[in-house]
Amino acid sequence: HFESRFKIMNTVFNYKKVQEKFYDILYKFLIQDNVDAIEIRNVNGFLINDNFKNCTNEEELEFLSQIKEKYRNRENPLQIVFIQTGVKQPTTTDKDVRFFFEIYKKSLYDNKQSEKILSAFDMVCFEGNISLMNISKVLIDLKEENPEVKYLFHAGEDHSKNLDNIVCSILLGAKRIGHGVNLYKSNYLMKLIKEKDICIEINPISNYLLKSHRDPF
């Protein structure tokens, strides 16, 4: 299963020291490939500090801010954009969504930073787990409470599903949609996406693992 590929390394990767080493290695590979800007999805609540305790939202934001600054100020600068990410599960509740949103909210209203540490909010995980329709009420409420919020949603990634998640993403005002491979099923939605200037993220490796397309090789 797609998610199992991440579960194996989750516990180790949650440690700050491991992540610091990861970013150093990632930086070297990206600079070699002449990449000067990347986006990284951040799932809060799992980062473990040097005392083997989970970081607070404030500590996690500070860590992400330090990572951004560290590589932006290198001789070969790398611009890192972090997107706050919630995880959709069959048992996801409004309370869960608000938990994932809380760190993004802190970033949104942090006037001490010249730029936002987290640039947008996303909800991810295999589309079959839960529809955006099930959590749309809390997402609407959060946007009304925080007008500056920028939504990016993963939707239309499973060929066996209908178009509900794509429709919800559009209605919720998403600036971008991850995957969106099901758009081919509706000429009207494709037209609407263009009219609203919504970007569709192309995810070749994820789409392959999700069996949305065959191996080109």
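Our structure's up above, just so we're on the same page.
A brief structural summary.

Criteria and thresholds
Residues numbered from 1 in each chain as written. Predicted model: local features only at pLDDT ≥ 70, side-chain atom pairs only at ≥ 80, totals over all residues. Heavy atoms only, no water. Pairing = 2+ DSSP bridges. Helix = DSSP H or I, 4+ residues; strand = E, 2+ residues; numbered from the N terminus. Axes fitted to C-alpha atoms, helices over the stretch in contact; angles between N-to-C directions. Contact = heavy atoms within 4.5 Å. Phe/Tyr/Trp six-rings, centres within 6.5 Å; stacked < 30°, edge-to-face > 60°. Buried < 20%, exposed > 50% of the residue type's maximum accessible area, 1.4 Å probe, protein only. Lys NZ or Arg CZ within 6 Å of the ring centre and 35° of its normal.

1. Notes on the sheet that holds strand β6 (residues 199-201)
And then number 1: Sheet architecture is open: three strands sit in the order β4-β5-β6, paired in parallel fashion. The strands lining the two open edges of the sheet, one partner per strand, are β4 (152-155) and β6. If you compare each strand with its neighbour and ignore which way they point, the axes differ by 30° on average.
And then number 2: Relative to strand β5 (residues 176-179), β4 runs parallel, the two sharing four bridges. In the strand pairing of β5, Leu152 is matched with Arg176.
And then number 3: Its contacts with the sheet put helix α6 (residues 164-171) on β4 and β5, and the angle it makes with β4 is roughly 170°.

2. Let's talk about the packing of aromatic side chains
And then number 1: Applying the stated rule across the entire model yields 11 aromatic pairs.
And then number 2: Taking the centre distance of 5.1 Å and the plane angle of 70° together, the rings of Phe101 and Phe121 count as edge-to-face. With a gap of 20 residues between them, Phe101 in helix α4 (residues 94-108) and Phe121 in strand β3 (residues 118-124) connect regions that are remote in the sequence.
And then number 3: Assessed through its relative accessible area of 1%, Phe101 is described here as buried.
And then number 4: Site record: aromatic cluster; members linked through ring pairs are Phe101, Tyr104, Phe121, Tyr151 and Phe153.
And then number 5: Sitting over the ring of Tyr27, Arg74 keeps its end group 4.9 Å from the ring centre.

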